[in-house]
Amino acid sequence: MSPARYLEGVVLLAVVAVAVSAGAAGLRRRLTPDWAGAPARLAEVVLALALVVLVSEALGLVGLFRRAPLVIGLVAAGAVSWAIGRRRGPPPPAAQRTARAPAYPLWQLIAAVVATATVVAEWGVRTVDALRFGMDGTDTLWYHLPVAARFVQDASIVHLHYLDNDAVTVFYPASSELLHAVGIVLLGSDVLSCVQNMGWLALSLLASWCLGRRFGVAPLALVACAVVLGTAQLVAGQPGGAYNDVVVLALVLATLALVVHAPREAGSAPRRGALAVAALAAGLAIGMK
């Protein structure tokens with residue numbers, strides 16, 4: 001890849017990221033105007049992922065999964081979503097807004113920082129190896145990235161991909177492969193696939209923090225999540241490849257965190273906007289694996 005093509009891809013990626021992030025923020029303000037802090041950021045990430053998947057699927061259904069239509073479609077979707085958010089009503093009363101996170105004991109915060117640093121370091125080593133030497137996971141090379149590459153080559157998502165003489169992988173959900181394909185379309189290579197699971201790691205930790213925050217134990221919930229993500233089985237396969245176990249873990253945790261934050265207060269009815277975002281997270285999880 002030439003430096004000019006790489007620079008072009010980075011610029012397009014930045015443009016798309018800004019547009020989708022703005023659109024997700026607008027939708028979040030529309031659906032959960034009283035949320036702030038970590039739960040609001042979690043909802044925005046889920047909405048941004050939903051925008052990318054929906055636009056990519058729509059283009060792939062009509063054979064337009066190519067760079068120009070993808071960039072135009074994502075920017076347009078972000079702009080429309082941002083405009084929808086701008087049309088929201090007056091902000092809710094302070095009594096209805098998401099309560100600030102409580103002050104946690106210092107030892108819990110230190111434990112959360114240590115746990116996060118440890119699991120990021122473990123995953124980071126594998127990710128750097130993938131960037132230096134390439135991805136070598138069995139499932140990554142068997143069907144995850146071949147399916148993503150076929151989406152790019154065909155500019156379509158409607159064809160079945162038989163990858164060997166067994167049809168076991170043909171009918172798997174493929175939204176995670178579609179996200180890898182988005183990176184390939186924008187950058188012209190699979191370099192983003194090497195680091196994508198680090199983003200899912202971050203989302204898992206954020207979701208666990210939000211889940212624990214609802215019950216006043218956010219640092220301990222994050223530590224528990226980090227312990228699971230730091231186990232040998234997950235460290236050996238998830239970072240530096242296209243495995244999607246961590247993808248589903250992150251989205252299931254996000255679903256649970258969004259659901260428990262849906263009621264304004266204990267005993268009250270859940271809000272439809274918050275439940276809609278939680279349903280999006282659950283739907284994304286089902287479509288990934």
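Residues numbered from 1 in each chain as written. Predicted model: local features only at pLDDT ≥ 70, side-chain atom pairs only at ≥ 80, totals over all residues. Heavy atoms only, no water.

Another aspect to go through is the side chain of His261. Along the chain, His261 falls in the loop between α10 (245-260) and α11 (272-288). Here His261 falls in the buried class, since its relative accessible area comes to 8%. In contact with His261, other than residues within four places in its own chain, are Trp35, Pro39, Cys210, Arg213, Arg214 and Arg271. (Helix = DSSP H or I, 4+ residues; strand = E, 2+ residues; numbered from the N terminus. Buried < 20%, exposed > 50% of the residue type's maximum accessible area, 1.4 Å probe, protein only. Contact = heavy atoms within 4.5 Å.)

Another aspect to go through is the state of the cysteines. What the rule picks out here adds up to 0 disulfides. Cys225 supplies the cysteine sulfur nearest to Cys210, a cysteine that is in no disulfide, at a spacing of 11 Å. For Cys210, a relative accessible area of 1% puts it in the buried group. (Disulfide = S-S within 2.5 Å.)

Turning our attention to the packing of aromatic side chains. Given two aromatic rings, one states the distance between the centres and the angle between the planes to describe the pair. Under the defined criterion, the tally for this structure stands at 3 aromatic pairs. Aromatic side chains Tyr104 and Trp209 sit 5.6 Å apart centroid to centroid with 80° between the ring planes, which places their arrangement in the edge-to-face category. Here Tyr104 is found in the loop between α3 (67-86) and α4 (106-133), whereas its partner Trp209 is found in helix α7 (residues 191-213), with 105 residues between them in sequence. Using a relative accessible area of 11% as the deciding quantity, one classes Tyr104 as buried. When the ring of Tyr143 is compared with that of Tyr172, the centres are 5.5 Å apart and the planes differ by 75°; the resulting orientation is edge-to-face. Here Tyr143 is found in helix α5 (residues 138-154), whereas its partner Tyr172 is found in the loop between α5 and α6 (175-187), with 29 residues between them in sequence. Taking the relative accessible area as the measure of exposure, Tyr143 reaches 7% and is therefore buried. We classify Tyr172 as partly exposed; its relative accessible area is 38%. Counting every residue linked through ring pairs, the aromatic cluster contains Trp142, Tyr143 and Tyr172. (Phe/Tyr/Trp six-rings, centres within 6.5 Å; stacked < 30°, edge-to-face > 60°.)

Compared with the 16 Å implied by 1.5 Å per residue over 12 residues, the 17 Å span of helix α8 (residues 218-229) between its first and last C-alpha is a close match. Taken together, the buried positions of α8 are occupied by Ala218, Pro219, Leu222, Cys225, Ala226 and Leu229. All buried residues of α8 fall inside an arc of 125° around its axis, so they share one side. In the core, the buried residues of α8 are packed alongside α4, α7, α9 (232-237) and α10. (Expected span 1.5 Å × (residues − 1). Arc of directions from axis to C-beta.)

Here we take up the pattern of salt bridges. Counting across every chain of the model gives 6 salt bridges. Linking Glu8 and Arg67 is a salt bridge whose minimum nitrogen-to-oxygen distance equals 3.4 Å. Highlighted residues: Glu8 in helix α1 (residues 3-31) and Arg67 in helix α3, separated in sequence by 59 residues. In this structure Glu8 comes out as partly exposed when scored by relative accessible area, which is 36%. For Glu44, the salt bridge identified is with Arg28, shortest N-O distance 3.2 Å. Taken as a pair, Glu44 in helix α2 (residues 37-61) and Arg28 in helix α1 lie far apart in primary sequence, 16 residues in all. Arg28 shares its class with Glu44; the two are buried. (Salt bridge = Lys/Arg side-chain N within 4 Å of Asp/Glu carboxyl O.)

Attention shifts here to the packing of α4 against α7. Closest axis-to-axis distance for the α4/α7 pair is 9 Å, and the angle between their directions is 165°. In terms of orientation, α4 lies roughly antiparallel with respect to α7. In terms of crossing hand, the pair formed by α4 and α7 is right-handed. Across the interface between the two elements, Leu109, Thr116, Val119, Val120, Trp123, Gly124, Thr127, Ala130 and Leu131 from α4 touch Val191, Cys194, Val195, Asn197, Met198, Leu201, Leu205 and Trp209 from α7. Of the residues in the contact of α4 with α7, the class split is 13 nonpolar, 4 polar and no charged. (Axes fitted to C-alpha atoms, helices over the stretch in contact; angles between N-to-C directions. Parallel < 35°, antiparallel > 145°, perpendicular 65-115°, else oblique. Left-handed = near helix turned anticlockwise from the far one by under 90°. Nonpolar A, V, L, I, M, F, W, Y, C, P; charged D, E, K, R; others polar.)

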